[in-house]
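Understanding the architecture of this molecule
Spelled out, the chains give:
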Amino acid sequence: YISFVYSRNLAEHGELSFNLGDPVEGYTNFLWTFVLGVLMKLGADPGPTSLVLGAAGAIGTMIVTWRLMRRVLGGDSPWAVLPSLLLACSSGFACWTSGGLETQLFTLLVIGAIDRYVAATGTNARPLRAMGILLALAAMTRPEGLLVTALIGLHRLALNLTLERRLRPHRGELWALGAFLAVWAPWFAWRWRTYGWPFPNTYYVKAAGKAA
């Protein structure tokens, strides 16, 4: 409901707020809310639209998971499809597919970023650049996207130190960082300027017990 109200005000008034004229970031799923707002502007009903997008995200997640496992296990391995089948049989996965929220979009972006990370070889910049963009979009969908980004960065650093004995990033890694910042940093600057706080209002409510 909260996301739908923000999306409606964006579509009808060009203002990403719950109460018009009072910019408070009471959501934590910007990209999802923004996409719904754009589609509402085009005349889409947010209820069924969110369900369709959620189902599409779930299907996309299973496809990318299967592709990732083929990459890891080898294209001929019959076990590559097993994780996708387990997802399809998961009640939790099905529940969040039909919940109308951003969960499946976030999941698709994260698994897509991991797939690009695994696909990267040597100093090849293209998969890492795509990974950076997907991680930035994930961080714009859910705050946990920053945690996923940090974990992947730490994993890469550990690999570089243990396997290659180097600390200095190569060209592909710099491209990944640049791609992430090129997408995420302008959005974060806009957020801070618009709402006046570095974190969503819900963070301050839960962490400090009062609204920002």
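Use the structure listed above.
Cut-off values and rules
Residues numbered from 1 in each chain as written. Predicted model: local features only at pLDDT ≥ 70, side-chain atom pairs only at ≥ 80, totals over all residues. Heavy atoms only, no water. Helix = DSSP H or I, 4+ residues; strand = E, 2+ residues; numbered from the N terminus. Expected span 1.5 Å × (residues − 1). Buried < 20%, exposed > 50% of the residue type's maximum accessible area, 1.4 Å probe, protein only. Contact = heavy atoms within 4.5 Å. Core = buried A, V, L, I, M, F, W, Y, C linked by side-chain atoms within 4.5 Å. Disulfide = S-S within 2.5 Å. Salt bridge = Lys/Arg side-chain N within 4 Å of Asp/Glu carboxyl O. Patch = residues over 30% accessible without salt bridge, like charges linked within 9 Å, V, L, I, M, F, W, Y side chains within 5 Å. Areas by Shrake-Rupley, 256 points an atom, 1.4 Å probe, with all protein chains shown as cover.

The next subject is helix α1 (residues 2-13). With 12 residues, α1 extends 16 Å from end C-alpha to end C-alpha; this agrees with the ideal 16 Å at 1.5 Å per step. When α1 is considered as a whole, its buried residues turn out to be Ser-3, Val-5, Tyr-6, Ser-7, Asn-9, Leu-10 and Ala-11. Within two residues after α1, Gly-14 carries a phi angle of roughly 65 degrees, on the positive side.

It is worth spelling out the environment of Met-40 at this point. Inspection of the secondary structure puts Met-40 in helix α2 (residues 30-41). What makes Met-40 buried here is its relative accessible area of 18%. Along the chain, Met-40 and Val-81 lie 41 residues apart, while their C-alpha atoms are 36 Å from each other. If we ignore the near neighbours within four places in the chain, the residues touching Met-40 are Phe-4, Ser-7, Arg-8, Ala-11 and Pro-46.

Counting 27 residues, the largest nonpolar core has Leu-16, Phe-30, Met-131, Leu-135 and Trp-184 as the members making the most contacts within it. At the level of secondary structure, the elements contributing two or more residues to this core comprise α1, α2, α6 (103-119), α7 (125-141), α8 (144-164) and α9 (171-195). In terms of residue count, α7 provides more of this core than any other element does, seven residues in total. Apart from residues no more than four positions distant in its own chain, Leu-135 is found in contact with Ala-113, Val-148, Thr-149, Ile-152 and Phe-180.

Covalent bonding between the sulfur atoms of two cysteines defines a disulfide. Counting across every chain of the model gives zero disulfides. Distance from the sulfur of Cys-89, which forms no disulfide, to the nearest cysteine sulfur (Cys-95) is 16 Å.

Here we take up the pattern of salt bridges. If you walk through the whole model with that rule in mind, you get nine salt bridges. Residues Arg-191 and Glu-25 are paired through a salt bridge, measuring 2.7 Å at the closest nitrogen-oxygen approach. With Arg-191 in helix α9 and Glu-25 in the loop between α1 and α2, this residue pair connects regions lying 166 residues apart in the sequence. On the basis of relative accessible area, Arg-191 is assigned to the buried category, the value being 4%. One salt bridge in this structure joins Arg-142 and Glu-102, with 3.1 Å as the shortest N-O distance. Taken together, the residues span a long stretch of sequence, with Arg-142 in the loop between α7 and α8 and Glu-102 in the loop between α5 (91-97) and α6 at a distance of 40 residues. Comparing Arg-142 with Glu-102 shows no difference in burial state: the two are buried. Because the salt bridges share partners, they merge into one network encompassing Arg-67, Arg-71, Asp-115 and Arg-116.

So, on to unusual backbone geometry. Even without being glycine, Arg-165 reaches a positive phi, approximately 55 degrees. Considering the arrangement of structural elements, one finds Arg-165 in the loop between α8 and α9.

On to a nonpolar patch on the surface, then. Where nonpolar side chains cluster on the molecular surface, the patch consists of Ile-59, Ile-63, Trp-66, Val-72, Leu-73, Trp-79, Val-81, Leu-82, Leu-85, Leu-86 and Val-118 and spans about 1,000 Å² of accessible area. Those elements giving two or more residues to the nonpolar patch turn out to be α3 (46-73) and α4 (82-88). Among the elements that make up the nonpolar patch, the one with the highest residue count is α3 (five residues).

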